[in-house]
Amino acid sequence: MNARDARERRSGSTLFEREMVNAEIREHVGAERADISLELQVRDAMDAAKMTAADLARMLSVPRSTISRDLKGGLSNAKLGRVRAIADKLNYDVFPLVLPRDPRARRLAVAAYLEKLR
Amino acid sequence: MSRKRRSAEDLDLYEGAYKAFEWYWDAQDSMPGLDAYELLDPLARAGVLAAFEHWGCLAPGERPLESRVNEEHTDPLILAVKTGDHRFPAFHAGRDVWVVTGYYRKRARKLDKVGKREIRRAIAAHADYELKVEQGTYYERT
């Protein structure tokens, strides 16, 4: 029996599903998703600009290892100023958002922010 | 670290839109990767889960973020899911399934002795898995 056939015969939940019942884990996963989203946006912008880590390092006058560390070690660990500088060299802007957790207040804050961007 | 005896119910780690992940189940009925995962703090566990979710939801041809998935060995292909300095090596088990073999901490830029040993274990686990699946003794154990 191969992995897929065995999997189809099994019932029950995955570890991921069981862990996401835990509010603390769920909150941390939410934060990780936001970090991943930021990293994907920067990578997509680099791809669109056909720019490598070496190109960015040259343009920002920093060692290539610094940019590699930012991109491979998790851009979320980089300083906001670095993220802004990278985005700037890619001809993009960074808009950090600090949002209330209350769903209604959050919707209103996002709407107000979008209005400002128009 | 004491190893817990595990059953088929413990195998499934994450089922994404394009890839599914399960723990490697060794000859002693333990799952070393799961044992290590359970010792992590909630923040690290969330990082691991989010990395698997990211990888599992990527369509074929899309490449994962280097900050979350790293190539550890080319033949056989061993990739590692990473968060911070935590690494969970995995091999491709066919179709859309990846098997997560173990765990190590990457404490320096270059792979240290512990990391190298864990990659060798992942390669051995891959060979053991393929043989047992072919013999019909991996998933069929009672």
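Residues numbered from 1 in each chain as written. Chains lettered and ligands numbered in written order. Predicted model: local features only at pLDDT ≥ 70, side-chain atom pairs only at ≥ 80, totals over all residues.

Undergrad: Before we go on, may I ask you to explain the overall build of chain A in this structure?
TA: Within chain A, the secondary structure is distributed over 7 helices and 0 strands. Listed N to C, the secondary structure of chain A is α-α-α-α-α-α-α in terms of helices and strands. For 118 residues, the compact-globule estimate of 2.2 N^0.38 gives 13 Å, and chain A exceeds it by more than 25% at 19 Å. Principal-axis analysis of the C-alpha atoms gives chain A an extent of 55 × 45 × 25 Å. Out of the 118 residues in chain A, the part that is buried amounts to 17%. A separation threshold of at least 6 residues defines the contact pool for chain A, and within that pool the share at least 24 residues apart is 41%. (Helix = DSSP H or I, 4+ residues; strand = E, 2+ residues; numbered from the N terminus. Rg over C-alpha atoms; globule rule 2.2 N^0.38 Å. Buried ≥ 20, exposed ≤ 12 C-beta atoms within 10 Å, placed from the backbone. Contact = placed C-beta atoms within 7 Å.)

Undergrad: Sorry, what's going on with the overall build of chain B here?
TA: If you tally the helices and strands in chain B, you get 3 helices and 7 strands. N-terminal to C-terminal, the α/β element order of chain B is β-β-α-α-β-β-β-β-β-α. Here chain B has a C-alpha radius of gyration of 14 Å; the compact-globule value for 142 residues is 14 Å, and the two agree. Based on the C-alpha atoms only, the size of chain B along its principal axes is roughly 40 × 35 × 30 Å. Per-residue burial for chain B yields a buried fraction of 43% across its 142 residues. For chain B, the proportion of contacts with a sequence separation of at least 24, taken over those separated by at least 6, is 50%.

Undergrad: Explanation requested: the nonpolar core in the structure shown.
TA: B:Phe52, B:Val81, B:Ala90 and B:Val100 are the most contacted members of the largest nonpolar core, which has 44 residues in total. In terms of residue count, helix H2 (residues 42-56) of chain B provides more of this core than any other element does, 7 residues in total. When neighbours within four sequence positions are excluded, B:Ala90 is seen to be in contact with B:Phe21, B:Leu79, B:Ala80, B:Val81, B:Trp98, B:Val99, B:Val100 and B:Thr101. The next biggest cluster of nonpolar side chains, apart from the first, holds 7 residues, and it includes A:Leu56, A:Leu71, A:Leu75 and A:Ile86. (Core = buried A, V, L, I, M, F, W, Y, C linked by C-beta atoms within 7 Å.)

Undergrad: Hey, could you run me through the environment of A:Arg106 in this one?
TA: Residues and elements named next belong to chain A. Topologically, Arg106 is positioned in helix H7 (residues 103-117). Here Arg106 falls in the partly exposed class, since 13 other C-beta atoms lie within 10 Å of it. Taking the C-alpha atoms as reference points, Arg106 and Ser13, separated by 93 residues in sequence, lie 32 Å from one another. If sequence neighbours within four positions are ignored, Arg106 has contacts with Leu99, Pro100 and Arg101.

Undergrad: So what exactly am I meant to see when it comes to the environment of B:Ala59 here?
TA: The topology assignment puts B:Ala59 in the loop between H2 and strand E3 (69-73). The spacing of B:Ala59 and B:Gly115 is 56 residues in sequence and 29 Å in space, taken between C-alpha atoms.

Undergrad: Hey, could you run me through the pairing of strand E1 (residues 12-15) of chain B in this one?
TA: One face of the sheet, then the other: side chains in a regular strand alternate in exactly this way. Residues and elements named next belong to chain B. Examined bridge by bridge, E1 and strand E2 (residues 20-23) share 3 bridges and lie antiparallel to one another. Looking across to E2, one finds that Tyr14 is bridged to Phe21. If you look at the hairpin formed by E1 and E2, you'll find 4 residues sitting between the two strands. (Pairing = 2+ DSSP bridges.)

Undergrad: I'm lost on the packing of helix H3 (residues 23-48) of chain A against H2(B) in this one. Help?
TA: Axis angle and axis distance: for two packed helices, these are the angle between their axes and the distance between the axes, and together they describe the pair. Packing of H3(A) against H2(B) leaves a shortest axis separation of 8 Å and a crossing angle of 50°. As the angle between them shows, H3(A) and H2(B) are arranged oblique. Crossing geometry of H3(A) relative to H2(B) is assigned as right-handed. Contacts between H3(A) and H2(B) involve A:Glu24, A:Ile25, A:His28, A:Val29, A:Glu32, A:Arg33 and A:Ile36 on the former and, on the latter, B:Pro42, B:Leu43, B:Arg45, B:Ala46, B:Gly47, B:Leu49, B:Ala50 and B:His54. For the contact of H3(A) with H2(B), the per-class residue count stands at 8 nonpolar, 3 polar and 4 charged. (Axes fitted to C-alpha atoms, helices over the stretch in contact; angles between N-to-C directions. Parallel < 35°, antiparallel > 145°, perpendicular 65-115°, else oblique. Left-handed = near helix turned anticlockwise from the far one by under 90°. Nonpolar A, V, L, I, M, F, W, Y, C, P; charged D, E, K, R; others polar.)

Undergrad: Before we go on, may I ask you to explain the interface of chain A and chain B in this structure?
TA: Note: interface size is frequently given as the accessible area lost on complex formation between the parts. Listed per partner, the contact involves 26 residues of chain A and 31 residues of chain B. Put simply, the parts of the chain that give the side of chain A that touches chain B at least two residues each are helix H1 (3-9), helix H2 (15-19), H3 and helix H5 (64-72) of chain A. Considering each element in turn, the side of chain A that touches chain B owes the most residues, 10 residues, to H3(A).

Undergrad: I tried to follow the confidence of the model for chain B on my own but got confused; where do I start?
TA: Atom-level detail of predicted coordinates should not be read off regions where pLDDT is low. Averaged over every residue, the pLDDT of chain B is 93; the share at 70 or more is 99%. Confidence metrics for the complex model read pTM 0.88 and ipTM 0.93. (pLDDT = per-residue confidence, 0-100.)

Undergrad: Help me understand the pairing of E2(B) in this model?
TA: Residue and element names in this part refer to chain B. Residues of E2 alternate between two faces, with Ala20 and Glu22 on one and Phe21 and Trp23 on the opposite face, all of them buried. Taken together, the 4 bridges between E2 and strand E6 (residues 97-100) define a ladder with parallel strand orientation. Looking across to E6, one finds that Phe21 is bridged to Trp98.

Undergrad: How should unusual backbone geometry be read in this particular structure?
TA: Looking along the chain, the bond that leaves B:Asp75 and enters B:Pro76 is cis, with omega of 0°. With respect to the element layout, B:Pro76 can be found in the loop between E3 and strand E4 (78-83). Located in the positive-phi region is A:Ser61, a residue other than glycine, with phi close to 55°. Among the structural elements, A:Ser61 can be located in the loop between helix H4 (53-60) and H5. Overall, A:Ser61 belongs to the exposed group, with 6 C-beta atoms counted inside 10 Å. Even without being a glycine, B:Arg95 presents a positive backbone phi close to 50°.

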